[in-house]
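Chain by chain, the residues run as shown.
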Amino acid sequence: MIASHLIVPADIAVKWSDIAGLDSVIQDLRESVVLPVRHRDLFKESKLWQAPKGVLLHGPPGCGKTLIAKATAKEAGMRFINLDVAILTDKWYGESQKLASAVFSLAAKIQPCIIFVDEIDSFLRARNSNDHEATAMMKTQFMMLWDGLSTDPHSAVIVMGATNRPQDLDKAIVRRMPAQFHISLPSESQRIDILKLILATEEIDRDVDYNRLAKLTNGFSGSDLREMCRNASVYRMRQFMRASNTNNASSTTDINKALLSITMDDLL
Ligand code: ATP
């Protein structure tokens with residue numbers, strides 16, 4: 001049951017090339033995680049040539065943290081365990097503790113492996129006096145299991161956490177994640193790259209004004225841009241159906257042009 005709930009099969013679909021505008025984060029992760037994991041036999045004895053046991057991705061929602069985590073696993077040839085914090089913080093704490101140890105031992109068995117904890121702050125936030133005793137025990141146990149990874153020099157298990165609220169994390173957790181990356185809302189030029197990537201598989205007029213679209217979408221996340229393009233695609237289909245019903249020989253290209261200008265009008 002654990003396996004079917006938590007493991008994304010080895011053939012994760014996300015690759016670096018599915019992510020736009022985050023080249024420097026990708027480059028850092030390639031050097032700090034992908035190469036040491038892929039070539040871990042090369043310098044077995046080296047303590048410096050080792051991937052960190054903890055990586056933190058932080059930044060606003062919808063900006064690609066989960067994408068980055070999955071693509072890192074894919075490019076490093078690692079398995080991916082998506083640890084659902086809701087299960088760990090379930091009221092049946094006894095079971096949750098068993099689950100935490102099961103996850104770590106499973107990760108060790110199938111390594112190289114990333115244990116991905118989305119919204120890690122909701123589970124490992126700074127301890128306070130209001131913490132339920134079982135919650136405090138759970139955190140301590142999680143940290144012990146995590147520390148166990150460092151005692152095995154050949155372990156290729158990494159805990160990768162993602163959060164929108166890094167300031168809420170327990171300092172002890174932050175220390176366990178020496179590699180930290182901020183993934184911010186995309187800048188104008190990053191939005192151009194993301195839009196080009198999202199629209200790459202669509203039949204789009206060559207004259208699409210990516211610069212204008214990017215200017216109009218200040219404050220949009222990658223996820224917002226994707227949703228905007230999806231709405232535009234639905235609009236295009238509606239227009240196409242309407243044109244077909246009225247025997248109007250409108251070309252796909254023209255419809256694309258219209259849909260993008262409508263999208264822009266919506267934003268104004
Ligand atoms: P959350 O904090 O809400 O979990 P997140 O930062 O993990 O969000 P993702 O789930 O990785 O965000 O991104 C959501 C979707 O937005 C992706 O599946 C993808 O379609 C799109 N997206 C976001 N950022 C990018 C990007 N840089 N390049 C391409 N697509 C992106």
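Residues numbered from 1 in each chain as written. Predicted model: local features only at pLDDT ≥ 70, side-chain atom pairs only at ≥ 80, totals over all residues. Heavy atoms only, no water.

*Asks:* Quick question: what am I supposed to make of the packing of helix H2 (residues 23-38) against helix H3 (residues 65-76) here?
*Replies:* Packed helices, taken two at a time, are described by the angle their axes make and the gap between the axes. For the pair H2 and H3, the least separation of the axes is 9 Å and the interaxial angle reads 40°. Accordingly, the angle class assigned to the pair H2 and H3 is oblique. With respect to the hand of their crossing, H2 and H3 are arranged in right-handed fashion. Each of Val-25, Ile-26, Leu-29, Val-33, Val-34, Val-37 and Arg-38 in H2 lies in contact with H3, whose residues at this interface are Ile-68, Thr-72, Lys-74, Glu-75 and Ala-76. (Axes fitted to C-alpha atoms, helices over the stretch in contact; angles between N-to-C directions. Helix = DSSP H or I, 4+ residues; strand = E, 2+ residues; numbered from the N terminus. Parallel < 35°, antiparallel > 145°, perpendicular 65-115°, else oblique. Left-handed = near helix turned anticlockwise from the far one by under 90°. Contact = heavy atoms within 4.5 Å.)

*Asks:* Sorry, what's going on with the pairing of strand E4 (residues 113-118) here?
*Replies:* When a strand is regular, its side chains alternate between the sheet's two faces. Counting buried residues in E4 gives five out of six residues, a clear majority hidden from the surface. Taken together, the six bridges between E4 and strand E5 (residues 157-163) define a ladder with parallel strand orientation. Looking across to E5, one finds that Cys-113 is bridged to Val-157. (Buried < 20%, exposed > 50% of the residue type's maximum accessible area, 1.4 Å probe, protein only. Pairing = 2+ DSSP bridges.)

*Asks:* When you look at the packing of aromatic side chains in this model, what are you seeing that I'm missing?
*Replies:* Both the distance between ring centres and the angle between the ring planes are used here to describe each pair of aromatic rings. Overall, the coordinates contain three aromatic pairs when judged by the stated rule. A centroid spacing of 5.6 Å and a plane angle of 25° characterise the contact between Phe-80 and Phe-116, whose relative ring orientation is stacked. Linking Phe-80 in strand E3 (residues 79-82) with Phe-116 in strand E4, this pair joins segments that are 36 residues apart in sequence. Ring geometry for Phe-104 and Phe-142: centres 5.2 Å apart, planes at 80°, overall edge-to-face. On the criterion of sequence distance, the pair formed by Phe-104 in helix H5 (residues 93-110) and Phe-142 in helix H7 (residues 133-151) is long-range, its members being 38 residues apart. By the ring-pair criterion, three or more aromatic residues cluster together here, those being Phe-104, Phe-142 and Trp-146. (Phe/Tyr/Trp six-rings, centres within 6.5 Å; stacked < 30°, edge-to-face > 60°.)

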